[in-house]
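Spelled out, the chains give:
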Amino acid sequence: MKTAVVTDTASYLTPEQIKKYNITVLPITVILGDKQYKETEELTDDKFYDYLANEPELPTTAQVSMGQIQEAYDRLVSEGYDTIISIHLSLGITSFMDNLRMFVKEYDKAKVYPFDSMAASAAEADLVMLAGDLAQKNVDPEEIVKQLSDLRDSTDIYFAVNDLKHLSRTGRLSNHSAIIGSLLDVKPLLTFKDGKIYAIGKERTMRRAYRMIQTEIQKYADAHPDWKLHITVVDSNNRELLDKWVTDFQENFPEARVSKSHLGPAISVHTGEKTMGVVWDKDFLDEN
């Protein structure tokens, strides 16, 4: 049995991670005006944020197509893979997983395990890297899926946006707290719950948002004293603050592994620019 791992660009894996864990990554399409771009392959972050700042028509996205999926799966089958674990963006913010589950019912060239990350970005990436690591060790796919579920259950995500207009516009905000974003200088604080995005509070500054997130991570660490913690700081074109938060977390949680990631165009369409987020979970590298 030979197992492949497939994901989408919303995981924002680095080229080094893709190579190390042998991951097949399918691009989400980002639409700027009348032009379509494959994320990471055809659209740079600089071009996207320049468009966001200067063009009146807001960008949109198109999910990975089943044609892209079939082409990727067929290629993997031709390379000798008979099992595929396909980990993707949360069903709570896109219908892609429903479409994928319907597709794999008819796909008979390999055994496919569709797995809903119930998140995006670094939380999705951790799942993908865990799957890639286990697949390279020839772990049974059923056991891989079980470990993915355990890691997903251990994951918390908080993120602060400059305002809620993008999430409200694209319909990705699942509760009715958009009014908090209309207050002057408020940084709405959000989380994923059951794979959907919910506004849970507001802070006057990113520094206060950081302190609230730090408090939540400390509660998590206290509740799981036997776990090694993995903290990933994520930014949307806010690299200076990214580096500062990474340094602060390294100082405040010296026993944790602290990583950095970012949000590219496909997610920044919904969050807007200057978003800061933190993902924390049980470190999958601690046991593998």
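Owing to the predicted nature of the structure, the values given are computational and were not obtained by experimental measurement. (Residues numbered from 1 in each chain as written. Predicted model: local features only at pLDDT ≥ 70, side-chain atom pairs only at ≥ 80, totals over all residues. Heavy atoms only, no water.)

Here we come to the overall build of the protein. Regarding its fold elements, the protein presents ten helices and 13 strands. Relative to the compact-globule value of 19 Å for 288 residues, the protein shows a C-alpha radius of gyration of 19 Å, a close match. Its C-alpha atoms put the protein at 55 × 50 × 30 Å along the principal axes. Looking at the protein as a whole, 52% of its 288 residues are labelled buried. Counted over contacts in the protein with a minimum sequence separation of 6, partners at least 24 positions apart contribute 73%. (Helix = DSSP H or I, 4+ residues; strand = E, 2+ residues; numbered from the N terminus. Rg over C-alpha atoms; globule rule 2.2 N^0.38 Å. Buried < 20%, exposed > 50% of the residue type's maximum accessible area, 1.4 Å probe, protein only. Contact = heavy atoms within 4.5 Å.)

Strand order in the open sheet formed by three strands is S4-S3-S5, and the pairing between neighbours is antiparallel. Looking at strand neighbours, the two that pair on one side only are strand S4 (35–38) and strand S5 (60–62), the edges of this open sheet. With strand direction ignored, the average angle separating the axes of adjacent strands in the sheet is 30 degrees. Bridge count between strand S3 (residues 29–32) and S4: four bridges; the pairing is antiparallel. Looking at S4, one finds that leucine 32 is bridged to lysine 35. (Pairing = 2+ DSSP bridges. Axes fitted to C-alpha atoms, helices over the stretch in contact; angles between N-to-C directions.)

What the domain assignment lists for the protein is domain 1 (3–153) and domain 2 (154–282). The interface is formed by 29 residues belonging to domain 1 together with 31 residues belonging to domain 2. Buried surface at the junction of domain 1 and domain 2, summed over both partners, amounts to about 2500 Å²; 62% is from carbon and sulfur atoms. It is Tyr12, Tyr49 and Ile93 in domain 1 that bury the most area against domain 2; as a group they hold 26% of the surface buried on that side. The tally of links from domain 1 across to domain 2 stands at one salt bridge. (Domains from an automatic or database assignment. Buried area = accessible area lost by both parts, 1.4 Å probe. Salt bridge = Lys/Arg side-chain N within 4 Å of Asp/Glu carboxyl O.)

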